[in-house]
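# Geometric and topological summary
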Amino acid sequence: MTREKYERPKEVVNENLFRTDLLPKDSASLGTVSWKEIFTDPVLQKHISTALENNLDVRVALQNIAAADSYLKQSKAAYLPTLSAGPNYTFQTQSLNSQSGQLLNNGRTYRNQFDVSANIGWEADIWGKLRSQEKAEFANYLGTVSAHQAVKSDLVASVASAYYQLLILDDQKRIINETINLRNKNLETTKALKDAGTLTEVAVQQSEALVFNAQSLLINIDVQISLLENTISLLMGESSHAIERNTIDAQKMPINLKLGYAANLLENRPDVKAAEYRLINAFELTNAAKANFYPTLRLTGSGGISSGDIDQLFSASSLFANVVAGLAQPILNKRQIKTQYEVSLAQKEIAYLNFRKSVLTAGKEVSDALKVYESQDGFINLKKKEMNAYKNSVNYSQELVNYGLANYLEVINASVNQLNAELNISNAEYSKLDAGIELYRALGGGWR
């Protein structure tokens, strides 16, 4: 039997994974750039560095690497012979009521046995079973390393996303506070117009309701800020606390849309690499399971000194030794071996399907993030035009109300629409930043 060698499935990766017209000119990819070149805010960089140092998921992943390394060392030691040695003492006396005891006419006898012995065993790797097991453990080790890198990549993206969202909430809080001040002024104007007989108490109540509405939005924003600060604290492996931060206007994300070839995902994305290593592990375990159908060559030996009298234990006459070489072919337990082999084949197919799914998922994530990122500039420009139109509408309708030429309901609608438009612009700016983060992560996260 010849041990099969792993070959990457050719049908898994192709150049049509990315749904875009941006054809790559070379193999360069955004995913290979360091996160410090993408997230240039020094405050954010400090938070990310703290998270990479303290995050509990990262530390768990490191322990998984340590455990996998131990299993790898164990698989390498399988080629070496096993050796055990030590002194033994045996005391024996027979029952007088047993068949052999009744043959003894002189009563009970006592036996002492002293020995110092060593046992050695070695299995020849004729069919490559041990080699396959070693390669399987090596793939498992590399898989834990890639999983660790995937955790770090996701962590960088999570901290950056939460940080930008926090800045957006600060900006929305500023917008709402400005709206509250403006609506309070409008409320005073409405009360004056009511006293002048131009408006009724209905308009005053509606104007006051607008103030209450904005104040309730402010409370909701404060709650979201606190929850986000708690989330970032957890990502940094710290107890919940206020998060130092910059402003949204200071953020610059220098993203150059270099996607690279789709095959880059196999080298850049640690989760895809981890999936392939799991496939290699299953492939090699299948080789090992197949080797169980063939005979096993074992060499065993033992030797040492043995004596019934401790005074004679170290004499030349007490020496003993034996060597056994055996070739064992499984016969009656073939169903068990066949079951193990069939299960290994199923697990290999599962690993292949998961690998294929991970590559397709990576392509989808790149396509999604790219579509959102490319569309946000046009969306933001239109929303700004919408906001300016609503702002003008508020000013015009308020002026008409002051002269008794319009219903105050028009002012209310225009004011609500203006606030929503401003908040939508803020959310769209976050969506673009978050899409940039997701595009960076989807292309590999720059863990290298």
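Presented here is a report on the structure given in the accompanying data block. Since this is a predicted model, take the numbers as computed values, not measurements. (Residues numbered from 1 in each chain as written. Predicted model: local features only at pLDDT ≥ 70, side-chain atom pairs only at ≥ 80, totals over all residues. Heavy atoms only, no water.)

Before going further, it helps to spend a moment on the overall build of the chain. Secondary structure assignment for the chain yields ten helices and four strands. Here the chain holds 448 residues, and the buried ones make up 40% of them. Intrachain contacts of the chain at a sequence separation of at least 6 include 83% that bridge at least 24 residues. (Helix = DSSP H or I, 4+ residues; strand = E, 2+ residues; numbered from the N terminus. Buried < 20%, exposed > 50% of the residue type's maximum accessible area, 1.4 Å probe, protein only. Contact = heavy atoms within 4.5 Å.)

Here the focus is the environment of Trp122. With respect to the helices, strands and loops of the structure, Trp122 is situated in strand β2 (residues 110-124). Residue Trp122 is classed as partly exposed on the basis of its relative accessible area of 35%. The spatial distance from the C-alpha of Trp122 to the C-alpha of Leu83 is 9.1 Å, given a sequence separation of 39 residues.

Now for the pattern of salt bridges. One side chain can pair with another of opposite charge once the charged atoms of both are near each other. Per the stated rule, a full pass over the model turns up 21 salt bridges. The salt bridge involving Lys129 is made with Glu123; its shortest N-O contact spans 3.5 Å. Relative accessible area serves as the criterion here: at 17%, Lys129 is assigned to the buried category. Judged by relative accessible area, which is 17%, Glu123 ranks as buried. In this structure, Glu201 engages Lys194 in a salt bridge whose closest nitrogen and oxygen atoms are separated by 2.8 Å. Residue Glu201 is classed as partly exposed on the basis of its relative accessible area of 34%. If you follow the salt bridges from partner to partner, you end up with Asp154, Arg269, Asp271, Glu365, Glu438 and Arg441 in one network. (Salt bridge = Lys/Arg side-chain N within 4 Å of Asp/Glu carboxyl O.)

A word on the nonpolar core. Buried together is how nonpolar side chains tend to be arranged in soluble globular proteins. Residues Phe39, Leu44, Tyr164, Ile176, Phe355 and Val359 are the most contacted members of the largest nonpolar core, which totals 62 residues. Listing elements by their share of this core, those giving two or more residues are α1 (35-38), α2 (42-54), α5 (129-195), α6 (201-235), α7 (265-268), α8 (270-291), α9 (334-402) and α10 (408-442). Among the elements that line this core, the one with the most residues is α5, at 15 residues. When neighbours within four sequence positions are excluded, Val359 is seen to be in contact with Val12, Val13, Leu17, Leu265, Leu266 and Val272. By size, the runner-up hydrophobic cluster in this structure holds five residues, among which are Met387, Ala421, Ile425 and Ala428. (Core = buried A, V, L, I, M, F, W, Y, C linked by side-chain atoms within 4.5 Å.)

In contact at an axis separation of 10 Å, α2 and α5 are set at 140° when each is read in the N-to-C sense. For the element pair α2 / α5, the angle class is oblique. Note that α2 runs across α5; the crossing there is right-handed. Contacts between α2 and α5 involve Val43, Leu44, His47, Ile48, Ala51 and Leu52 from the first element and Lys152, Leu155, Val156, Val159, Ala160, Tyr163 and Tyr164 from the second. (Axes fitted to C-alpha atoms, helices over the stretch in contact; angles between N-to-C directions. Parallel < 35°, antiparallel > 145°, perpendicular 65-115°, else oblique. Left-handed = near helix turned anticlockwise from the far one by under 90°.)

Moving on: the packing of aromatic side chains. One pair of aromatic rings is described through two measures. These are the centre distance and the angle between the planes. Tallied over the entire structure, the rule returns six aromatic pairs. An angle of 70° between the planes, with centres 5.8 Å apart, marks the rings of Tyr6 and Phe283 as edge-to-face. With Tyr6 in the segment before α1 and Phe283 in helix α8, this pair connects stretches of sequence that are 277 residues apart. Using a relative accessible area of 21% as the deciding quantity, one classes Tyr6 as partly exposed. (Phe/Tyr/Trp six-rings, centres within 6.5 Å; stacked < 30°, edge-to-face > 60°.)

What follows concerns helix α3 (residues 56-77). Taking 1.5 Å of rise per residue, 22 residues should cover 32 Å, and α3 covers 32 Å from first to last C-alpha, within 8% of that figure. For α3, the complete set of buried residues consists of Val58, Ala61, Ile65, Ala68, Leu72 and Ser75. The buried residues of α3 occupy one face: seen down the axis, they fall within an arc of 80°. Away from its buried face, by an angle of more than 90 degrees, α3 presents the exposed residues Leu56, Gln63, Lys73 and Gln74. Of the surrounding elements, those touching the buried residues of α3 are α2 and α5. Its side-chain oxygen placed 2.9 Å from the backbone nitrogen of Asp57, Asn55 serves as the N-cap of α3. (Expected span 1.5 Å × (residues − 1). Arc of directions from axis to C-beta. Polar contact = N/O pair within 3.5 Å; in protein donor to acceptor, adjacent residues only side chain to side chain.)

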